[in-house]
Every structure is written in structure tokens, then in C-alpha cells.
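Structural overview for review
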Amino acid sequence: MDCGDGSNVNQTYKHVPVRVYKPDMTYCQPYVVAVGEDNSINDVSISQVLKSVCIEVSDDVCVVSQGIEIPLGGSLYKLSQTLSYPDNFLYLTVTNLVT
């Protein structure tokens, strides 16, 4: 991306801003590193993010972003590129499925 002053900006995210809304109506914003020190993409899954905020991942957990059910094995980095809001946050809502 050209900044107009001749410098280029790397479009790779260093961190993914995420807000996870839990079933108990609280939320948290985990610190997720998207790019490693060697500039390789740290491909974190949705289930890894949930585990980092103490949400037990099981068959009755459903994650939704912008009305779309997100697979637990989905790539957080790729989701953030496509489903982030204008404030660059990826908002995930976690619900428990009633069976």
C-alpha cells in the first residue's frame, strides 16, 4: 500500500483485535499475535482463541460473527481479513446450543 510519500506499508496485521462475547453476557479482548518474529503468519484457530479466554470448546458451542456461524477450526487471521468491522475488530459471539 502506498502512503503517498513514497513509503510502503506492509498490509500484514501484527495483532488481530478480537472481542469475544461470552454466553454469560460478558466480553473479553484477548491479545492475539497474528505475525511471528520471522514475519510468518501465526495461524491461530477460533478454538484456540476460545481456550485462551477460558471457554471450554465442545460440540454444544456455537460461534457467530455478523450472523454467520464460524467453524471452530477456522483461521482467525483469515476471518479477521474478511469479517472485521470498520474499527478493525473481529467480534465473536459464543452461545451454547440447546439440544
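Source: prediction; values computed, not measured.

Cut-offs used in this document
- Residues numbered from 1 in each chain as written.
- Predicted model: local features only at pLDDT ≥ 70, side-chain atom pairs only at ≥ 80, totals over all residues.
- Heavy atoms only, no water.
- Helix = DSSP H or I, 4+ residues; strand = E, 2+ residues; numbered from the N terminus.
- Buried < 20%, exposed > 50% of the residue type's maximum accessible area, 1.4 Å probe, protein only.
- Contact = heavy atoms within 4.5 Å.
- Phe/Tyr/Trp six-rings, centres within 6.5 Å; stacked < 30°, edge-to-face > 60°.
- Disulfide = S-S within 2.5 Å.
- pLDDT = per-residue confidence, 0-100.
- Pairing = 2+ DSSP bridges.
- Arc of directions from axis to C-beta.

Here we come to the overall build of the chain. Counting its regular elements, the chain contains two helices and six strands. Going from the N terminus to the C terminus, the chain shows its helices and strands as β-β-β-α-β-β-α-β. Across the 99 residues in the chain, those meeting the buried criterion constitute 32%. Of all intrachain contacts in the chain linking residues separated by at least 6 positions in sequence, the fraction that spans at least 24 positions is 54%.

The next point concerns the packing of aromatic side chains. In total, this model carries four aromatic pairs according to the counting rule given. With centroids separated by 6.4 Å and ring planes inclined at 25°, the aromatic side chains of Tyr21 and Tyr91 adopt a geometry described as stacked. Here Tyr21 is found in strand 1 (residues 15–21), whereas its partner Tyr91 is found in strand 6 (residues 90–96), with 70 residues between them in sequence. Between Tyr85 and Tyr91, the aromatic rings sit 5.2 Å apart at their centres with planes inclined by 80°, giving edge-to-face as the arrangement. Judged by relative accessible area, Tyr85 falls into the partly exposed class, the value being 36%.

Here a disulfide denotes a covalent bond joining the sulfur atom of one cysteine to the sulfur atom of another. For the coordinates displayed, the defined rule picks out zero disulfides. Its sulfur unpaired, Cys28 is 8.5 Å from the next cysteine sulfur, which belongs to Cys54. For Cys28, a relative accessible area of 18% puts it in the buried group.

When pLDDT is averaged along the chain, the result is 82, and 85% of the positions lie at 70 or above. Looking over the chain, one finds the lowest element-wise mean pLDDT in strand 3 (residues 31–33), namely 85, and the highest in strand 5 (residues 68–70), namely 94. In this model residues 1–9 is a low-confidence stretch, pLDDT under 50, and it forms seven contacts with partners more than four residues away in sequence or in other chains.

By the bridge criterion, four bridges tie strand 1 to strand 6 in an arrangement that is parallel. Of the residues in strand 6, the one forming a bridge with Tyr21 is Thr93.

Turning to unusual backbone geometry, a few remarks are in order. Not every positive phi belongs to a glycine, and Met25 is a case in point at roughly 75°. Assignment of secondary structure puts Met25 in the loop between strand 1 and strand 2 (27–28). You can call Met25 exposed: its relative accessible area is 74%.

Our next topic: helix 2 (residues 76–83). Here helix 2 has its buried residues at Leu76, Tyr77, Leu79, Ser80 and Leu83. Looking down the long axis of helix 2, one finds its buried residues gathered within 165° of arc, a one-sided arrangement. For helix 2, the exposed residues set more than 90 degrees away from the buried face come down to Lys78 and Thr82. Looking at the buried side of helix 2, the elements it contacts are strand 1, strand 3, helix 1 (46–52), strand 4 (61–65), strand 5 and strand 6.

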